[in-house]
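A closer look at the structure
These are the residues of each chain, in order.
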Amino acid sequence: MRFPQALHPARAVVLAGMILSIIPSLASHAIAQTSLAEPAWLPSAYQYDKPIYPDANYDEQIPAPKDLLGFPLGSRPARHAQIERCFQAWAKSERLTLVTHGFTYEHRPLYHAIITSPENHARIDAIRSAIGALADPRKLSSDAEAERIIRQTPAIAWLGHSIHGDELSGADAALALAYYLVASRRDDVAELLDNLVVIIDPMLNPDGRDRFITQTDEFQGTVPSLDTNSMQHAGRWPRGRTNHYYFDLNRDWILGVNPETRGRRAVIVRWNPQLVTDAHEMGSDDTYLFYPPRAPFNPNTSPLLHKWWKTFADEQGAAFDAYGWSYYTREWADFWYPGYTDGWGAMQSAVGILYEQAGTGGRPIRQSSGAILTYREAVHHHAVSSLSNIKTLAGHRREVLQDFLAQKRAALAADDARPATFLFPPGPNTTRTRALLDNLANQGIEIEVATSAFSAKNLTNTLGETAEQRDFPAGTYLVQRRQPRAALAGALLDFDPRMSDEFLTSERRELETRRRSRIYDITAWCLPMAAGLEAYWTKKEVHVTHSAYARAERSDGGLPITEHAYAYAIDSSDDSWERAAAFLLQAGVKVRAAERRFNVADRSFPTGSLLIRAHENDRDLTKRLRQAAEFSGAAVYSAATARSSDDTPDLGGQHFLLLERPRVALLSGSPTSTNSMGSLWHAFDQDLGLGISLIDAAALRGDLRRYNVIVLPSLFGSAERLLAPVKSSLKQWVRGGGTLIAIGNVAAKLAREDSGLSAVRLRRDMLDDLGKYASAVALERQAGRTPVAPRQVWDTPTEHVPPGANLDKPETELNAKALDEWRRIFSPVGVIVRGRVNQDHWLAWGLPAELPLHCSGNNVFLAKYPVQAPLRYAAPTELRLSGLLWPEAGSRLGDSAYVTVEKLSRGQVLLLAQEPNFRGAWAGTRRLLINAVLLGPGCGTSPPAP
Ligand SMILES: [Zn+2]
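Structural notes, computed from the coordinates. (Residues numbered from 1 in each chain as written. Predicted model: local features only at pLDDT ≥ 70, side-chain atom pairs only at ≥ 80, totals over all residues. Heavy atoms only, no water.)

Regarding its fold elements, the protein chain presents 31 helices and 37 strands. Compactness check: the protein chain gives a C-alpha radius of gyration of 30 Å against a globular reference of 30 Å for 946 residues, within 12% of the reference. C-alpha extents for the protein chain along the principal axes are approximately 100 × 70 × 70 Å. Classification of the 946 residues of the protein chain by burial places 61% in the buried group. At a minimum sequence separation of 6, the contacts of the protein chain that also span at least 24 residues come to 79%. Computed over 104 positive and 105 negative side-chain charges, the inter-centroid distance for the protein chain is 2 Å. (Helix = DSSP H or I, 4+ residues; strand = E, 2+ residues; numbered from the N terminus. Rg over C-alpha atoms; globule rule 2.2 N^0.38 Å. Buried < 20%, exposed > 50% of the residue type's maximum accessible area, 1.4 Å probe, protein only. Contact = heavy atoms within 4.5 Å. Lys, Arg positive; Asp, Glu negative; His and termini not counted. Charge placed at Lys NZ, Arg CZ, Asp CG, Glu CD.)

Structure, rendered in structure tokens:
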């Protein structure tokens, strides 16, 4: 179909005015740039001037990227504001609409551009709802209607770029493609836009991108460096992969922790695209990768996808062959974790395709072959990929739409082989339950709310326990697998998805022969397990009278706060407790935490609940409490008397420990792991609303007395260099009453040596003493539970030996060291295992008796009295809950400590074996971290008198 003029004549005037207004600023920009221009003696290979789309035939009335950017496209990476300027200019074209779908933490707008023919723009809502009917066949009145939609409706492509902010070339390729689609006067482009709605999200991570470009720009001089080690390419800590809080957004699609993710998920849910692509960069010495991916495949992947991956790859390969470029498919990128762009897109029934281009850091580099790879060439590769993929989509539009509908119809058909209904009873932690459900709803998952009580059969819970029948109250949330987004529902909620036998065999072979795993990311992520919430699945569909789930605004707790009460109480079961406690402590309120269950006004409060006595506080207490309720959503209960109405403690007694205001320093900067540090920072700042100090390693050598909590995240590389110069000052600080929290490899380092900070040891260092630790665990488990037979005390004295307390036996004929080394090969790559909690310990207040833990790596922490381990891994045979845990790994891990607590003079040391707030989504273990900070200084140390 012919396409008239790309620009409304009426709009051309506006546009011309805009260009004029830009030109003066461009002129000064060009002058400023000359000092960084490349010298003339440089080899011509530094320049790559191939046109990106050679026969484009651009409409000269539409401003070209170089005029908008002030430099030729691909000569250097464009920043967020420059890309924004281009899209805003092109939004004056009748082919493009620009939409803001959110803001980053640093307040950069997040955009997507909708590009299609003017005729399609005129009926864009009708197109969207027609595709919406294919995406939800319950809306189709007949097969004939489906046929008509497939015949008449453009297919939808969603193209994402540079989700890793330091993988720069994607966003500049987005500019090239958008300009081509908007400005090219070619007939085939007009035809392409008749057949497609192309949604371009040019920058999935603007904060990371601008951070990285600022870093690399700082190191540019007059002579470019081709060395990829140079900071001109590599930047410096924290580089730009991650967003503001250092989250990897290409893991966040299923988790929705970040505003970037939530904004763009809503766009995809709204548009139901058939193609989802994501342009990345990989190692600088590589070539180019696209899909098909390799095994393991997520079991919710549609079989139809394999056909389409091949079709798209054949044409993408041909497009690269035309230039003689290198590329490959079916290597290293697997399809198991559904939290990547392409994986999540595929679970939404799109053809999800990953692009990986050798990275350059935005300037020319020399590869090991000696060849120079310019940034512009990297951009060119991505631009050719995208154009090829959308041409394939347009060329196969009807078949792709048919297969899209087929996937949705299959989703609504019965599937006896898989969990049919997931159930979430309304527990005491409403805040966390709502957070989980809001995350599902934002991804388009349909949720039912039971309007009356019911019972269900053949249930399995997140701890692997089965029940023939269980009653559920009204208000229980249900997710049916049979819904248009069945694949995604399964991918998010299936408790224990299994890899194919074939993959398992190949993974084992790879581990045994090459000592490396073929798994690219984690093997388990089940969202209800991560949340640490009670949840069930059953194979038989449960149908009850229900209403649809609706997102609720956060309340202010909903209780009146009495003026003249004796005290006030806040329940620790709900996550609103965390924010309430943080608020009150920062406001200078004297807050106590209960070490026993207590009652207020006939309501029972579990350990860790807050008690605020009026006489210990200022007159503005009720005002502070109201502010805390508003800030946190926590309900504040008023107690008229200190007297308990039953056998629980009176409120004026000693079972309520006075908390200290946390003065937290979080180690930041190089060499901390950005993911570890960022997830902690996010927990303190966003979840808790707690003001903290981000300090660098040098500050650890200074006066630490201003802090009462220091948190050391995992590090990139060795912890020795960090710890060696600060060990004695840290020790002195702990002894003076500080709470030191060390995570991951820093915790392992403290456990490996006589730092004087910890008596915890790593398994690999204690192979001759395993029996002692096994006995200690058996005694610890038995503590407080020994049945007392009075006759065996008074008359026939009989010792009670805890079962398992004498495990001191050689494990096999292999010596212990060789066996341990062998088992370490099979160490978990992101698995979910069972943890057992000592609920009496203050660190575990608010945690259930058992909960799922995320676990990776080979460090296994051994602890015995007097070291306390409030949370341990379960015994080897009952350990695995979800994901791939080889029995060898389970044997090492079973019964070891997840977290340890040790008193050191007036202070204490806490070692955490794993990231407690993994990816910002592990609410189940995040509470440990929060307890450590909010309760630690009051409950675990001896602070000086005021
Ligand atoms: Zn990437």
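It is worth spelling out the side chain of Asn 389 at this point. With respect to the element layout, Asn 389 can be found in helix α14 (residues 375-395). Looking at Asn 389, the relative accessible area reads 0%, which means it is buried. Dropping the residues within four chain positions of it, Asn 389 is found in contact with Leu 275, Thr 277, Phe 312, Gln 316, Ile 353 and Tyr 355.

An α-helical turn contains 3.6 residues, so a residue and the one three or four places further along point in the same direction. The end-to-end C-alpha distance of helix α9 (residues 206-218), which contains 13 residues, comes to 18 Å, matching closely the 18 Å that a straight helix rising 1.5 Å per residue would cover. In terms of burial, α9 is largely enclosed, as eleven of its 13 residues are buried. Along α9, the positions that sit buried rather than exposed are Pro 206, Asp 207, Gly 208, Arg 209, Asp 210, Arg 211, Phe 212, Ile 213, Gln 215, Thr 216 and Asp 217. The elements touched by buried residues of α9 are α3 (80-90), β2 (109-115), α7 (169-183), α10 (231-234), α11 (259-271) and α14. (Expected span 1.5 Å × (residues − 1).)

Let's shift gears to the coordination of the zinc ion. At 2.0 to 2.6 Å from the zinc ion lie its protein donor atoms, namely His 164 (ND1), Glu 167 (OE), Glu 167 (OE) and His 280 (ND1). Taken together, the four donor atoms surrounding the zinc ion define angles of 55 to 154° at the centre, an arrangement classified as irregular. Read in sequence order, the donor residues for the zinc ion give the motif H-x2-E-x112-H. Here His 280 lies in strand β5 (residues 275-282) and His 164 lies in the loop between β3 (155-161) and α7, a separation of 116 residues in the sequence. (Donors = N, O, S within 2.8 Å, 3.2 Å for Na, K, Ca; no water. Tetrahedral: all angles 85-135°; square planar, octahedral: opposite > 155°, others 65-115°.)

Moving on, we get to helix α22 (residues 674-688). Spanning 15 residues, α22 covers 20 Å between terminal C-alpha atoms, matching the ideal 21 Å at 1.5 Å per step. Of all the bends found along α22, the most pronounced is centred on His 682 and spans about 25°. Buried within α22 we find Thr 674, Ser 676, Met 677, Gly 678, Ser 679, Leu 680, Trp 681, His 682, Ala 683, Phe 684, Asp 687 and Leu 688. Following α22 by one or two positions, Gly 689 has its phi on the positive side, about 70°. (Bend = angle between axes of the 7 residues up to and from the residue.)

The subject of this paragraph is the pairing of strand β37 (residues 907-912). Of all six residues in β37, six are buried, a share of seventy percent or more. Burial along β37 is two-sided: Gly 907, Val 909 and Leu 911 facing one way and Gln 908, Leu 910 and Leu 912 facing the other are all buried. With six bridges joining them, strand β36 (residues 897-904) and β37 adopt antiparallel strand pairing. Counterpart to Val 901 in the pairing with β37 is Leu 910. With antiparallel pairing between neighbouring strands as the criterion, β36 and β37 make up a hairpin whose turn holds two residues, including Ser 905 at a positive phi of roughly 55°. (Pairing = 2+ DSSP bridges.)

Below, the discussion takes up the packing of helix α6 (residues 143-152) against helix α15 (residues 397-412). The geometry of α6 relative to α15 is characterised by a closest axis approach of 9 Å and an angle of 140° between their N-to-C directions. By the angle class used here, α6 and α15 are oblique. By crossing handedness, the relation of α6 to α15 is classed as right-handed. Between α6 and α15, the contacting residues are Asp 143, Ala 146, Glu 147, Ile 150, Arg 151 and Gln 152 on the first element and Arg 397, Arg 398, Leu 401, Gln 402, Leu 405 and Arg 409 on the second. Split by residue class, the contact of α6 with α15 holds four nonpolar, two polar and six charged. (Axes fitted to C-alpha atoms, helices over the stretch in contact; angles between N-to-C directions. Parallel < 35°, antiparallel > 145°, perpendicular 65-115°, else oblique. Left-handed = near helix turned anticlockwise from the far one by under 90°. Nonpolar A, V, L, I, M, F, W, Y, C, P; charged D, E, K, R; others polar.)

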